[in-house]
Amino acid sequence: MSVLAAVMPAPLVPVEIREFPEPDLPPGGALLKTAFSEVCGTDVHLWHGRLAGVPYPIIPGHVTTGTLDKARGPLRDVLGAPLQEGDRLAFFDVHRTCGRCLACTAHRTPTRCLSRRVYGITDSANEGLFGGWAQKVYLEPGVIIAKMPDAVTFEAYIGGGCGLLTSVHIIERAQIRLGDTVVVQGAGAVGLCTAALARKSGAGRVIVVGAPADRLALARDMGADDVIDIDATESEGRWRRVLELTNDIGADVVVEAAGSPRAFEEGLRMARNGGAYVIAGHYTNTGDSTINAHEHINRKHLDIRGCWGSEVGHFLRALRALERYGAEIPFARIGARTFGLGRLNEALEIAGALEIPKALVDPWVV
Ligand SMILES: [Zn+2]
Ligand SMILES: [Zn+2]
């Protein structure tokens, strides 16, 4: 049996459908029958060639979900439960870290492991089905697999997708405390999920800064109390609005999920004295920001933290959050449109133009 997959041959070259043989599974290996994958900001960066060291051609799609098609030998999920064909699954997209480098050991920052391998990003299509834009995905031995909780639909899981995993990590880095005012810059998948999780983490007020209007309406439905439309305001006005909403104090925590050097400059002003700022949207180099170290950081006694990638713990907590809150938080609405394998160039254009928060991929539609 052959498997259809969408392959990105090289940066800026149209994505094309290719046929792959079903792999022979080694002991402990498995095959996932894809239900959905996604087109996220990373895929747009991959297409624009903005990430270093990518072994094109690749099958993109790093966060993916579906059912267990087959496995060689007994297979268990990360909680130890035996897995059977037909079980609904999610798997953690980082399938290898070395466990020996400084990042993995002394620094305890495995997302910075130099030999980290991630489905849909670091594995060439010449090695096989290592991406979610395919009807089936090869789960190599050792991949972290979790059974999808019964209450969680595929649509909710992939609607949150990699943005949800990232936002679990953001919330951890932000150390949100009960009653905190949190500003989230950006209303893409990461910003929307961060707003939802900040609310559930006890934030007293959640303010989302972004656009367009329908995305901001979704931000409110996800848990934002206030929204600031960047299309209808200037930087100065946005800063004043945040002051107005915080009794002239500024936000306890600001999260940057916009990927813009201007957003960083703006967010520094929005944070209160002694507050925290988490940078999560600069996944590629979008250029320099201009800041005044005295005014924006030192005198403010500001805490600035980066947030890179996610770990297994974030993946598992994302699943628990979906299970607990999926009925009240409309994660599935983030996945605004679904595209078949033959329409992924269009999906990349639309995602690149930020027209929708997220495009889903259904590889069984061509
Ligand atoms: Zn390592
Ligand atoms: Zn992603």
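A few points on the structure. (Residues numbered from 1 in each chain as written. Chains lettered and ligands numbered in written order. Predicted model: local features only at pLDDT ≥ 70, side-chain atom pairs only at ≥ 80, totals over all residues. Heavy atoms only, no water.)

### Concerning the coordination of the zinc ion (ligand 1)
Heads up, the rule is: In this analysis a donor is any N, O or S atom within 2.8 Å of a metal ion (3.2 Å for sodium, potassium and calcium), and since water is not included, sites may seem incomplete. Angle rules define the geometry names used: all angles between 85 and 135 degrees makes four donors tetrahedral, while opposite donors over 155 degrees apart and all other angles between 65 and 115 make four donors square planar and six octahedral, leaving every other case irregular. A simple rule labels every residue: compare its accessible area, found with a 1.4 Å probe on the protein chains alone, to the largest value its type can have, and call it buried under 20%, exposed over 50%, or partly exposed in between.
Around the zinc ion (ligand 1), the protein contributes the donor atoms Cys-98 (SG), Cys-101 (SG), Cys-104 (SG) and Cys-113 (SG), which lie 2.3 to 2.4 Å from the metal centre. Taken together, the four donor atoms coordinating the zinc ion (ligand 1) span angles of 102 to 118° at the metal, a pattern that classifies the geometry as tetrahedral. Read in sequence order, the donor residues coordinating the zinc ion (ligand 1) give the pattern C-x2-C-x2-C-x8-C. Like Cys-113, Cys-104 is buried.

### Let's talk about the sheet that holds strand 15 (residues 303-306)
The condition that has to hold: Strand pairing follows a simple DSSP-based rule, namely that at least 2 bridges must link the two strands. Helical segments are the DSSP runs of H or I of at least four residues, strand segments are the runs of E of at least two, and each set is numbered from the N terminus. Working convention: axes come from line fits to C-alpha atoms, limited for helices to the stretch in contact. Angles between N-to-C directions cover 0 to 180 degrees.
With parallel pairing, six strands are arranged side by side in an open sheet as 12-11-10-13-14-15. Looking along the sheet, the strands with just one partner apiece sit at the ends: strand 12 (226-229) and strand 15. Taken pair by pair, the neighbouring strands of this sheet meet at an average axis angle of 15°, ignoring direction. The pairing of strand 10 (residues 181-185) with strand 13 (residues 251-256) spans four bridges and is parallel. Bridge pairing in strand 13 places Val-184 opposite Val-255.

### Description of the environment of Leu-68
Here is the rule: Residue contacts follow a heavy-atom distance rule, with two residues in contact if any of their heavy atoms lie within 4.5 Å.
Its place among the elements puts Leu-68 in strand 4 (residues 64-71). A relative accessible area of 3% means that Leu-68 is categorised as buried. Distance in space between the C-alpha atoms of Leu-68 and Leu-344 is 25 Å, their sequence separation being 276 residues. Ignoring any residue separated from it by four or fewer positions in sequence, one finds Leu-68 in contact with Ala-30, Leu-31, Leu-75, Leu-83, Gln-84, Glu-85, Gly-86, Asp-87 and Leu-89.

### Notes on helix 6 (residues 261-270)
Inclusion rule: The definition of a polar contact used here is a pair of N or O atoms within 3.5 Å, where within protein one atom must be able to donate a hydrogen and the other to accept one, and adjacent residues in sequence count solely through side-chain atom pairs.
For helix 6, the tally of buried residues reaches eight of 10 residues, placing the bulk of the element in the interior. Among the residues of helix 6, Pro-261, Ala-263, Phe-264, Glu-265, Glu-266, Gly-267, Leu-268 and Met-270 are the ones counted as buried. Backbone nitrogen of Arg-262 and a side-chain oxygen of the N-cap are separated by 3.1 Å at the start of helix 6; the cap is Ser-260.

It is worth stressing that arrangement in space is one thing and function is another; only the former is reported here.
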